[in-house]
Amino acid sequence: MIHLDNVNLGYQHETVLKNINLEISKGEFVGIIGLSGAGKSTLLTSMIANVTITGGPYHVLGNNISTISSKKLREMRSRIGFIFQGYNLVNRLSVLHNVMSGMLKSISIQRAAIRHYSNADLEKAWEYMETVGIEQIAMKRCDELSGGQRQRVAIARALAQEAEILLADEPIAALDPKSAVQVMDILWRINEKYQVTIVSNLHHIDFAKSYCNRIVGVADQNIVFDGTAQQLTKETLERIYQTGMNNHLPSEEDTIPDTWSNIPSKHCPNINQFNPIPKVAA
Ligand SMILES: Nc1ncnc2c1ncn2[C@@H]1O[C@H](COP(=O)(O)OP(=O)(O)OP(=O)(O)O)[C@@H](O)[C@H]1O
Ligand SMILES: [Mg+2]
């Protein structure tokens, strides 16, 4: 699904990550960790070709994005849901309209312009909102929502888009512990039941360890760890966070307040209490 072969990533005047090799397959839930400024967002946004890419090839959904045409790039981006830091919702519009905007490729521009949606479109949007638990606030404007609610609108919009890949940039950074768990649970369910590939930057190591089946650690302009939570040793964390034995390491106790230490495991039995989520793209 995503394959970087000796790729350099950065911006016009700066190479942030060098000689990156990474392969992500369908259905993986990958957490990217690293210090602030290490290049996590650069790596994530490169997957929609939003940064300067040299070297390669760099394949995403069958396209070499270092040489892709703008038409093909638009098509490819429509198959990827991106949950931005800062949400990127249209604040003056309702939750429902923001979710519906995810369906724009299946709704004609004319119908979208006059906000005339078919019953089938509305039913689908309702199902997506129920999946993430925001149906009660469907008619609220997005600028009246809390951070956790906004984040869930962004996820419902990505579901409406029938995204094959979901990229999430610090999806829980601004959330309280309960909302953070809700959002991660939703992402996990989407990944587990429907095999949507998820790549997410995460500041909280415990969340990465609880929810991701693979963790990628970024430091020194490169990927310095790529493995499972079980393989993530204290030494590796020290390397990623560039701390010596006596320095501050964002350990489980350090990174999260006490109330966060009981993150429900992804195997929690509550999973069955959720409504079945609608089928997203295979
Ligand atoms: N749009 C941009 N133009 C130029 N340089 C940028 C841009 N965005 C980020 N950078 C630079 O790229 C480097 C990596 O930034 P990036 O945002 O990828 O880090 P990060 O690991 O996501 O950090 P954080 O945890 O703070 O979000 C930094 O040195 C940053 O200044
Ligand atoms: Mg970032």
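As a reminder, the structure under discussion sits directly above these lines.
We now turn to the structure provided with this report. (Residues numbered from 1 in each chain as written. Chains lettered and ligands numbered in written order. Predicted model: local features only at pLDDT ≥ 70, side-chain atom pairs only at ≥ 80, totals over all residues.)

The number of helices and strands found in the protein is 10 helices and 11 strands. With 282 residues in all, the protein has 37% of them scored as buried. Taking as baseline every contact in the protein between residues at least 6 positions apart, the subset at least 24 positions apart corresponds to 68%. (Helix = DSSP H or I, 4+ residues; strand = E, 2+ residues; numbered from the N terminus. Buried ≥ 20, exposed ≤ 12 C-beta atoms within 10 Å, placed from the backbone. Contact = placed C-beta atoms within 7 Å.)

Another aspect to go through is helix α7 (residues 177-194). Here α7 contains 18 residues, and its C-alpha end-to-end distance of 26 Å stays within 8% of the 26 Å for a straight helix at 1.5 Å per residue. Looking at α7, one finds that the buried residues are A180, V181, V183, M184, I186, L187, W188, I190 and N191. Those residues of α7 that are buried are in contact with β3 (29-34), α5 (119-132), α6 (147-160), β8 (165-169), β9 (197-201) and α8 (205-211). Downstream of α7 by a residue or two, Q195 has a phi angle that is positive, lying close to 60°. (Expected span 1.5 Å × (residues − 1).)

Across the 5 residues of β8, 4 count as buried, placing the element largely inside the fold. In this sheet, β8 lies alongside strand β7 (residues 80-83) in parallel orientation, the contact comprising 4 bridges. When the bridges of β8 are listed, I83 appears paired with A168. Bridge count between β8 and β9: 5 bridges; the pairing is parallel. Residue pairing for β9: A168 is matched across the bridge by S200. For the segment spanning β8, α7 and β9, crossover handedness is right-handed. (Pairing = 2+ DSSP bridges. Right-handed = clockwise from strand over helix to strand, strands pointing away.)

What follows deals with the nonpolar core. Formed by 73 residues in total, the largest nonpolar core has its most connected members in V99, V153, A156, L166, L167 and M184. A total of 8 residues in this core trace back to one element, the largest contributor, which is α7. Ignoring sequence-local partners within four residues, the contact set of V153 consists of L89, V95, N98, V99, I134, C142 and L145. (Core = buried A, V, L, I, M, F, W, Y, C linked by C-beta atoms within 7 Å.)

On their own, these measurements won't tell you what the molecule is for.
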